[in-house]
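Here's the letter readout for the chains.
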Amino acid sequence: MINSEIIKIIEGALEKNKEKVIDYSNLLIQNLEKQGDKGAADRIRKVLERKKMNPVYLDELTNVPVDNESRMSIVDIEFPKSEEIKLILPTYTEIKVIDFIKQLKFKKQFNDMGIESVSTLLLYGPPGCGKTTVANFISQKTELPLIVARLDTLISSLLGSTGKNIRRIFEFANSKPCILFLDEFDSIAKARDDQYELGELKRVVNSLLQNIDEFIKDNILIAATNHHDLLDKAIWRRFNSIIEIPKPDSESVTKLILLFIENIKNDFTHDEKKIQTIAEMLKNYSPSEIKNVMHNSISKMVMNDEKFLTFERLIFDIYLFTNHTNTSQESMVKYLNENGISQKMISDFLNISIRQVRNLLN
């Protein structure tokens with residue numbers, strides 16, 4: 001029964017028949033609930049509810065702009081996430097993000113009062129600190145899809161083609177309610193120091209500025225860069241909101257640690273001293289790096305058939321992550337010992353005798 005419903009849903013999508021997709025999706029929900037799989041039914045229901053509010057439908061996915069040379073898509077469409085996005089940022093940074101979302105909701109009131117309201121946001125900061133997550137968070141809160149364009153992939157061997165690609169992106173985003181998200185925004189500015197002829201590059205930058213000016217009259221634009229210092233001065237004036245997304249502060253590091261292991265059994269989340277020790281070790285890491293450390297440790301826990309994630313296991317894996325290019329047995333033993341790992345646990349982890357551990361410590 002369920003297999004036939006899934007086939008009908010696929011047929012509806014290929015036929016661009018939205019009603020058929022919805023009808024058979026509702027039938028699938030009913031049958032899943034009858035079989036006791038409420039979780040799967042709820043997930044499908046959430047997708048349908050989001051689609052009713054979402055102005056971009058399946059048929060529009062086939063009309064995305066492509067590069068004339070490679071024939072590859074030059075944008076991706078990302079619909080608002082159904083799962084709640086947990087935004088973990090320093091308090092002041094989070095306040096600025098929320099304020100930008102509030103501005104979007106009050107745009108009509110501002111315009112009625114004669115106050116020009118331009119919905120543009122520039123996000124900058126180190127890689128892996130959450131700029132894309134912020135863009136997805138705004139998409140979720142506004143219930144608008146993201147049209148994602150990575151500008152670094154647009155630079156063609158023929159800069160004239162680059163200018164045409166930029167125009168196609170803005171025309172496509174302007175044709176539907178959405179948020180245009182320009183990632184790697186500095187790439188075109190950085191290209192000025194490249195081998196391309198300067199005059200042609202200037203025309204590309206001018207094309208970008210002209211398209212931005214036209215687009216932001218009625219639309220929402222978000223741009224992200226890891227190298228804000230390379231942006232043209234004229235670019236900055238196009239953004240009424242500019243937010244730095246920095247590396248996490250100590251409070252945010254602790255929240256990220258707890259987030260990434262919230263469904264994992266462990267022996268340290270209720271021990272404030274141990275959590276502080278872990279947070280201190282990870283204080284200079286980006287959220288992306290912290291996630292990698294935590295997930296690496298969880299993976300090793302599973303592969304070693306361990307029942308829960310131990311403090312010792314995590315400290316050991318943080319050391320390996322931090323010192324992946326230059327380490328020695330002696331430095332590893334001292335590091336683990338200094339951070340509260342017993343000699344017995346060190347012996348087990350490194351597969352050496354207690355005597356060797358003691359000799360290295362002495």
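This section reports on the structure supplied with the text. (Residues numbered from 1 in each chain as written. Predicted model: local features only at pLDDT ≥ 70, side-chain atom pairs only at ≥ 80, totals over all residues. Heavy atoms only, no water.)

Before going further, it helps to spend a moment on the overall build of the protein chain. Within the protein chain, the secondary structure is distributed over 17 helices and six strands. Looking at the protein chain as a whole, 43% of its 362 residues qualify as buried. With the model as given, the accessible surface of the protein chain reaches about 20000 Å², and the carbon-plus-sulfur share is 50%. (Helix = DSSP H or I, 4+ residues; strand = E, 2+ residues; numbered from the N terminus. Buried < 20%, exposed > 50% of the residue type's maximum accessible area, 1.4 Å probe, protein only. Areas by Shrake-Rupley, 256 points an atom, 1.4 Å probe, with all protein chains shown as cover.)

Spatially, six strands are ordered β1-β3-β4-β5-β2-β6 in an open sheet, and the strand pairing comes out mixed. Of all the strands in the sheet, just β1 (76–78) and β6 (241–244) have a single pairing partner and so form its edges. Ignoring strand direction, the axes of neighbouring strands in this sheet form an average angle of 20 degrees. Relative to strand β5 (residues 220–225), strand β2 (residues 119–124) is paired through six bridges, and the arrangement is parallel. Paired with Tyr124 across the two strands is Thr225, which belongs to β5. Of the strands in this sheet, β2, β5 and β6 touch helix α4 (residues 91–105), which is tilted by about 155 degrees from β6. Set on the sheet, helix α6 (residues 131–142) makes contact with β1, β2, β3 (146–150), β4 (179–183) and β5; between it and β4 the angle comes to about 175 degrees. (Pairing = 2+ DSSP bridges. Axes fitted to C-alpha atoms, helices over the stretch in contact; angles between N-to-C directions. Contact = heavy atoms within 4.5 Å.)

Moving on: the environment of Val118. Within the secondary structure, Val118 is located in the loop between α5 (107–112) and β2. Beyond its immediate stretch of four places on either side in the chain, Val118 contacts Ile216 and Asn240.

For the pair helix α14 (residues 311–322) and helix α16 (residues 343–350), the least separation of the axes is 11 Å and the interaxial angle reads 60 degrees. Between α14 and α16, the angle is such that the two are oblique. The crossing of α14 and α16 is right-handed. On α16, the residues that touch Glu312, Arg313 and Phe316 of α14 are Met345, Phe349 and Leu350. Classifying every residue of the contact of α14 with α16 gives four nonpolar, no polar and two charged. (Parallel < 35°, antiparallel > 145°, perpendicular 65-115°, else oblique. Left-handed = near helix turned anticlockwise from the far one by under 90°. Nonpolar A, V, L, I, M, F, W, Y, C, P; charged D, E, K, R; others polar.)

Taken residue by residue, α16 has Ile346, Ser347, Phe349 and Leu350 as its buried positions. Taken end-on, α16 shows its buried residues confined to a sector of 170 degrees, consistent with a single buried face. On its buried face, α16 is in contact with α14, α15 (329–338) and α17 (354–361). Phi turns positive, to about 55 degrees, at Asn351, one or two residues after α16. (Arc of directions from axis to C-beta.)

Turning our eyes to something else, we now look at the nonpolar core. In this structure, Ile278, Leu282 and Ile290 are the most contacted members of the largest nonpolar core, which totals 36 residues. Among the secondary structure elements, those contributing two or more residues to this core are α11 (250–260), α12 (272–281), α13 (287–303), α14, α15, α16 and α17. Counting residues per element, this core draws most heavily on α14, at six residues. Setting aside its immediate chain neighbours within four residues, Ile290 contacts Pro248, Val253, Leu256, Ile257, Phe260, Leu282 and Tyr285. Counting residues in hydrophobic clusters, the runner-up holds 32 residues, among them Val75, Phe79, Ile147 and Phe239. (Core = buried A, V, L, I, M, F, W, Y, C linked by side-chain atoms within 4.5 Å.)

Time to look at the pairing of β4. Here β4 lies mainly inside the structure; five of its five residues are buried. Residues Ile179, Phe181 and Asp183 line one face of β4 and the alternating positions Leu180 and Leu182 line the opposite face, and both faces are buried. Both β3 and β4 contribute to a ladder of five bridges, which runs parallel. When the bridges of β4 are listed, Ile147 appears paired with Leu180. Looking at chain direction, β4 and β5 are connected through four bridges and run parallel.

Everything listed here is a matter of geometry and, on its own, says nothing about what the molecule does.
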